Amino acid sequence: MKREIESYVSRFTFHVSCLSKSQSRALILAVVFVVLSLAALLLQHGRPLPGESLILRLLAPVQGMLQRAGRGLGGLWPDLREASKLREENEALRAEVELLKARIVGLQEVAIENQSLREQLGFQQAHPTYDLLPAQVIGRDPSNFLRFVFINKGSNDGVHEGAVVVAQESLLVGRVVRLGTNYAQVMLISDASSSVNGLIQSSRAEGVVNGQLTGRLVMRYIPQGELVQKGDIVLTSGLGGNFPKNLIIGQVTAVRQRDIELFQEADVAPAVNLGKLEIVFVIRDFTPTYLE
Amino acid sequence: MRAVNLYLAIPLLLASALLQSSVVPTVMGVRPEIVLLLVVAASLSGGMEAGVVWGFIGGLSLDLFSGAPLGVFTLAMVLVGALVNVGESNLFSTSLLLPLGAVFVATFVYHFLTIVLFQTLGWSIGWGPAMWQVALPSAVVNTLLMPLVYFFLRWLTRLLRGGRELGW
């Protein structure tokens with residue numbers, strides 16, 4: 001073994017001596033940097049290194065400012081390009097608003113009736129009200145493979161690792177995976193390594209919702225025989241303890257069912273546009289359960 | 001232009017990583033990789049030594065703003081910075097075709113290395129979707145943007161160094 005190592009070292013030294021001064025210096029630097037990178041990968045165990053947190057803490061406000069500036073500039077071109085389309089969309093939306101107003105009146109009646117029945121029965125609300133902390137999205141992952149965002153709230157604001165992040169109170173966005181004092185990094189449900197236990201609202205069929213590289217979601221492991229249709233709403237099932245029950249994940253856009261397979265699969269469109277998040281809410285009073 | 005100074009590399013690459021993680025919009029479903037473009041440009045114009053150093057600083061900057069474990073992008077960028085220059089660029093350094101071809105290939109190599117590292121660390125990233133849906137559009141977008149970055153870097157170096165060209 002010792003002889004082999006000596007042989008490798010002497011061969012490496014010989015090759016280096018054959019190179020020009022600049023090339024050999026580059027080669028040595030490359031080896032040093034590769035070793036340093038490997039050491040960082042092996043030593044951190046998922047936690048940020050001390051210097052890393054400090055730099056991010058300092059850069060988080062700058063990142064937030066840039067993100068805001070970018071939104072302002074980025075909105076100009078699409079606005080100009082879609083002016084005529086927006087006019088038509090506006091008219092359609094006005095008509096829809098009128099229709100929804102009428103429906104709201106009907107629903108308000110139902111809500112009053114429901115409330116009175118609950119009071120009579122002493123019924124506990126199925127949807128608890130959470131302690132929601134509003135946060136601004138200040139940055140995104142620079143890699144095209146990963147779907148993470150930075151928010152401008154951290155441990156100083158009561159955010160904890162594993163905290164669930166939502167939009168508009170009940171639309172699931174992701175969960176906090178890394179924490180600084182004034183920032184937190186959130187893994188979106190569309191990240192390829194994200195998986196959430198979900199259920200179809202109408203049929204109560206359960207499955208696992210995974211993120212895709214394209215930013216879409218796929219619900220897997222839906223048992224054969226369960227009725228799944230386009231347009232069905234997918235909610236969190238609460239199984240596993242990582243997410244609260246009944247948060248809205250998205251809507252089924254396509255179903256793949258083959259008799260020769262054990263499970264069905266469904267494409268799910270996220271309930272919120274995860275590529276254009278601006279304000280999100282961190283659920284502070286939900287602590288995930290980690291099963292050992 | 002032979003290369004670019006280290007004091008230019010640190011702020012420029014850190015600022016680029018910051019921009020890439022905040023302002024830069026998606027084109028064809030992917031975000032242009034400015035840091036990779038700068039590393040390739042520095043390697044082509046400054047030699048392997050510059051490529052390796054710029055790769056290290058650029059990769060480290062990306063790691064800072066990423067959810068990936070620290071070291072993934074640093075390792076990939078150092079190797080890309082070194083490999084870009086293996087074919088000895090002096091012959092082509094005046095032609096615009098070299099940076100275009102180099103960045104197209106470098107994008108694939110960079111994504112290939114990143115996927116290998118992610119998979120080694122147990123992250124679930126499939127080869128097919130990663131290469132077709134991410135690496136290919138990224139290579140196209142990066143190639144289209146390369147002339148801008150390449151000439152910007154040349155201009156900046158000349159401006160800062162008064163026409164002289166220095167090692168990193």
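Residues numbered from 1 in each chain as written. Chains lettered and ligands numbered in written order. Predicted model: local features only at pLDDT ≥ 70, side-chain atom pairs only at ≥ 80, totals over all residues. Heavy atoms only, no water.

Scanning chain B from terminus to terminus reveals 6 helices and 0 strands. Secondary structure elements in chain B, listed N-terminal to C-terminal, are α-α-α-α-α-α. Working note: accessible area of chain B is about 6,500 Å², and carbon and sulfur atoms make up 73% of it. (Helix = DSSP H or I, 4+ residues; strand = E, 2+ residues; numbered from the N terminus. Areas by Shrake-Rupley, 256 points an atom, 1.4 Å probe, with all protein chains shown as cover.)

In terms of nonpolar packing, the biggest core is built from 74 residues, with Phe145(A), Val40(B), Trp54(B) and Phe118(B) touching the most fellow members. Looking at which element gives the most residues to this core, the answer is helix α2 (residues 34-46) of chain B, with 10 residues. Look past the residues within four positions of Val40(B) in its chain and what remains in contact with it is Val80(B), Val84(B), Ala102(B), Val103(B), Ala106(B) and Met146(B). One finds Val137(A), Val173(A), Ala184(A) and Val186(A) within the second-largest nonpolar core, a separate group that totals 41 residues. (Core = buried A, V, L, I, M, F, W, Y, C linked by side-chain atoms within 4.5 Å. Buried < 20%, exposed > 50% of the residue type's maximum accessible area, 1.4 Å probe, protein only. Contact = heavy atoms within 4.5 Å.)

Turning next to helix α1 (residues 6-20) of chain B. The end-to-end C-alpha distance of α1(B), which contains 15 residues, comes to 21 Å, matching closely the 21 Å that a straight helix rising 1.5 Å per residue would cover. Those residues of α1(B) that fall on the buried side of the exposure criterion are Leu8(B), Ala9(B), Leu12(B), Leu13(B), Ser16(B), Ala17(B), Leu18(B) and Gln20(B). (Expected span 1.5 Å × (residues − 1).)

So, about the interface of chain A and chain B. Opposite the 41 residues of chain A that make contact, chain B presents 47 residues. Taking both partners together, chain A and chain B bury about 3,700 Å²; carbon and sulfur atoms supply 71% of that area. Together, Pro142(A), Asn144(A) and Phe145(A) form the three largest contributors to the area buried by chain A at its contact with chain B, with a combined 20%. Here chain A is connected to chain B by 1 salt bridge. With its nearest N and O atoms 2.7 Å apart, the salt bridge here joins Glu49(B) to Arg25(A). Breaking the side of chain A that touches chain B down by element, the ones donating at least two residues are α2 (21-43), α3 (50-74), β1 (132-140) and β2 (148-151) of chain A. Element by element, the count of residues in the side of chain A that touches chain B is highest for α2(A), at 13 residues. Split into classes, the residues belonging to the side of chain A that touches chain B amount to 23 nonpolar, 13 polar and 5 charged. (Buried area = accessible area lost by both parts, 1.4 Å probe. Salt bridge = Lys/Arg side-chain N within 4 Å of Asp/Glu carboxyl O. Nonpolar A, V, L, I, M, F, W, Y, C, P; charged D, E, K, R; others polar.)

Quick look at the packing of α2(A) against helix α4 (residues 72-83) of chain B now. Each packed pair of helices is defined by two parameters, the angle between the axes and the distance between the axes. At a closest axis distance of 8 Å, the pairing of α2(A) and α4(B) adopts a crossing angle of 165 degrees. With respect to α4(B), the axis of α2(A) lies roughly antiparallel. α4(B) is crossed by α2(A), and the crossing has left-handed handedness. Contacts from Ala30(A), Phe33(A), Val34(A), Ser37(A), Leu38(A) and Leu41(A) in α2(A) reach Val72(B), Thr74(B), Leu75(B), Val78(B) and Leu79(B) in α4(B). (Axes fitted to C-alpha atoms, helices over the stretch in contact; angles between N-to-C directions. Parallel < 35°, antiparallel > 145°, perpendicular 65-115°, else oblique. Left-handed = near helix turned anticlockwise from the far one by under 90°.)

The subject of this paragraph is the side chain of Asn142(B). Relative to the elements of secondary structure, Asn142(B) occurs in helix α6 (residues 127-161). Residues contacting Asn142(B), with those up to four places away along its chain left out, are Pro32(B), Glu33(B), Leu36(B), Leu37(B), Val103(B) and Thr107(B).

This paragraph deals with unusual backbone geometry. Residue and element names in this part refer to chain A. In this model, arginine 204 sits at a positive phi of 65 degrees, which is unusual for a non-glycine residue. As for its placement among the helices and strands, arginine 204 is situated in the loop between β6 (195-200) and β7 (206-211). A positive phi angle is found at tyrosine 221, which is not glycine, with a value near 60 degrees. With respect to the helices and strands, the residue tyrosine 221 is situated in strand β8 (residues 217-223). Overall, tyrosine 221 belongs to the partly exposed group, its relative accessible area being 48%.

Before going further, it helps to examine a nonpolar patch on the surface. Residue and element names in this part refer to chain B. A cluster of nonpolar side chains, contributed by Phe152, Trp155, Leu159 and Leu160, occupies part of the molecular surface with about 430 Å² of accessible area. Considering the arrangement of structural elements, one finds phenylalanine 152 in helix α6. Judged by relative accessible area, phenylalanine 152 falls into the partly exposed class, the value being 37%. (Patch = residues over 30% accessible without salt bridge, like charges linked within 9 Å, V, L, I, M, F, W, Y side chains within 5 Å.)

Time to look at the pairing of strand β12 (residues 279-283) of chain A. Residue and element names in this part refer to chain A. In the sheet, β1 pairs with β12 via 5 bridges, with the strands oriented antiparallel. Opposite glutamine 136, over in β12, you have isoleucine 279 as the bridge partner. Relative to β12, strand β3 (residues 164-167) runs antiparallel, the two sharing 3 bridges. Residue pairing in the sheet places valine 164 in a bridge with isoleucine 283 of β12. (Pairing = 2+ DSSP bridges.)

Attention now moves to the confidence of the model for chain B. Residue and element names in this part refer to chain B. Predicted confidence across chain B gives a mean pLDDT of 83, with 87% of residues reaching 70 or more. Mean pLDDT in chain B bottoms out at α6, which sits at 87, and peaks at α4, which reaches 92. Here the prediction assigns the complex a pTM of 0.76, and the interface score ipTM is 0.83. (pLDDT = per-residue confidence, 0-100.)

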